[in-house]
Amino acid sequence: MNNPLDAYTMKARLVPAVIAGAPAFAFAAIFVSWGSLGLTHLIAATALTVLFAAFADIARRRGKAIEPKLIERMGGLPTTTTLRHRDDTYDDDTRAGFHAFIAAKLGKPAPTAAEEAADPVAADSYYARGATWLRENTRDAKKFDILLNENISYGFRRNLLGLKLPGFVLNALIVAICLAIFWRRWPVDLSNTFDAKLLAVVVIAVLHAIYLAVFVTEAGVFESARTYARQLLLCTQSPHFSGAPKPRSTVARTPARRGGAKTEAKIQEQ
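Undergrad: Lay out the nonpolar core in plain terms, naming residues and giving numbers.
TA: Grouped together as the largest cluster of nonpolar side chains are 18 residues, with contacts concentrated most on L83, Y126, L147 and L233. When residues of this core are traced back to their parent elements, those giving at least two are α5 (92-106), α7 (120-136) and α11 (218-234). When near neighbours in sequence (up to four residues on either side) are disregarded, L233 contacts T82, L83, Y90, F98 and L134. Among the nonpolar cores identified, the runner-up in size contains 11 residues, and M74, Y154, V216 and V221 belong to it.

Undergrad: Can you lay out the environment of D195 for me, pointing to particular residues and giving the numbers?
TA: Position of D195 among the secondary structure elements: in helix α10 (residues 193-215). For D195, a relative accessible area of 3% gives the class buried. The spacing of D195 and F182 is 13 residues in sequence and 7.7 Å in space, taken between C-alpha atoms. Ignoring sequence-local partners within four residues, the contact set of D195 consists of F182, R185, V188, D189 and L190.

Undergrad: For the pattern of salt bridges, give the residues involved together with the corresponding values.
TA: The final tally for this structure, using the stated rule, is 9 salt bridges. For D57, the salt bridge is made with R61, and the minimal N-O distance between the two is 2.7 Å. Note that D57 and R61 are positioned in helix α3 (residues 39-74) at a spacing of 4 residues, about one turn of the helix. The class of D57 is partly exposed, set by a relative accessible area of 34%. Looking at R61, the relative accessible area reads 56%, which means it is exposed. Note that D124 is salt-bridged to R84, the shortest N-O span being 2.8 Å. Here D124, found in helix α7, pairs with R84, found in the loop between α4 (80-83) and α5; they are 40 residues apart in sequence, far enough to count as distant. One network of salt bridges, with partners in common, ties together K64, E67 and R158.

Undergrad: Tell me about a nonpolar patch on the surface, and please be specific about residues and values.
TA: There is a patch of nonpolar side chains on the surface, built from W186, V188, L190, L199, V203, V206, L207, I210, V214 and F215 and spanning about 980 Å² of accessible area. Following the sequence through the fold, V203 ends up in helix α10.

Undergrad: Before we move on, can you summarise the confidence of the model for the chain with the specific residues and values?
TA: When pLDDT is averaged along the chain, the result is 82; 81% of the residues meet or exceed 70. Within the chain, helix α6 (residues 113-118) carries the highest mean pLDDT (95), whereas helix α12 (residues 255-258) carries the lowest (42). In this model, residues 244-251 is a region of pLDDT below 50 whose contacts with residues beyond four sequence positions or in other chains number 23 contacts. The low-confidence segment residues 254-266 (pLDDT under 50) makes 41 contacts with residues lying over four places distant or belonging to another chain.

Undergrad: Which residues make up the packing of helix α9 (residues 164-185) against α10, and what are the values?
TA: With their axes 9 Å apart at the nearest point, α9 and α10 run at an angle of 155 degrees to one another. Put simply, α9 runs roughly antiparallel to α10. Viewed along their axes, α9 and α10 form a crossing whose handedness is left-handed. Contacts between α9 and α10 involve K164, G167, F168, N171, I174, V175, C178, I181, F182 and R185 on the former and, on the latter, F194, D195, L198, L199, V201, V202, A205, H208, A209, L212 and A213. Residue composition of the contact of α9 with α10, by class: 15 nonpolar, 3 polar and 3 charged.

Cut-offs applied
Residues numbered from 1 in each chain as written. Predicted model: local features only at pLDDT ≥ 70, side-chain atom pairs only at ≥ 80, totals over all residues. Heavy atoms only, no water. Core = buried A, V, L, I, M, F, W, Y, C linked by side-chain atoms within 4.5 Å. Buried < 20%, exposed > 50% of the residue type's maximum accessible area, 1.4 Å probe, protein only. Helix = DSSP H or I, 4+ residues; strand = E, 2+ residues; numbered from the N terminus. Contact = heavy atoms within 4.5 Å. Salt bridge = Lys/Arg side-chain N within 4 Å of Asp/Glu carboxyl O. Patch = residues over 30% accessible without salt bridge, like charges linked within 9 Å, V, L, I, M, F, W, Y side chains within 5 Å. Areas by Shrake-Rupley, 256 points an atom, 1.4 Å probe, with all protein chains shown as cover. pLDDT = per-residue confidence, 0-100. Axes fitted to C-alpha atoms, helices over the stretch in contact; angles between N-to-C directions. Parallel < 35°, antiparallel > 145°, perpendicular 65-115°, else oblique. Left-handed = near helix turned anticlockwise from the far one by under 90°. Nonpolar A, V, L, I, M, F, W, Y, C, P; charged D, E, K, R; others polar.

Structure (structure tokens):
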């Protein structure tokens, strides 16, 4: 049974949801009396816990909804592109090591460059099966903790990107409500605690919108996806896989040398 509070759920699903909904949480907080704790606070805390669980699920759904377009813009199925002979992310010896490992696990030789050129769809299908085998056999968080962290990073960025548009809408709604309240209470008196808190919410909403616009981008998701893909393939050299073929080199070529971002990451969902 999956732990509902595992690291992936907390960091890759719940945290993006909390970030996306920060202005709404700030707005709700100004209506809560913090002078003393009572039954109403317990009820509110319980309701908030349920809402957080729902928000985490929404974050995952939004992230999954935008993933097909992200994959298309990255150039193909996740991790498949880095295993292609025509891809220059890795040198030939390194790629041959990955192919040898996958071939040993699948019990079928990897496509040659000629076979890949003759039937690229079949070759991609083979690479996808190899990536699936790797994902399914690297789920042990203790043995493959670095891979898990990279997967969390990808999930966080993807899910937050999926919540970017709803976040903008929520910001606009919160600001509109605050301005309407200011209009009803005009003139504004910042010496009044409620007015000061309301203004703080407006500032938070504006800063939040700037953060979403500037820092939550597809480029960030692509970067974490490529990093995850590299780490997944490097697991072929893990001592946890006895008898794993060792590639001579594991240094990926830089994006500048290969003329753009061609790689992707097949992301394991937890």
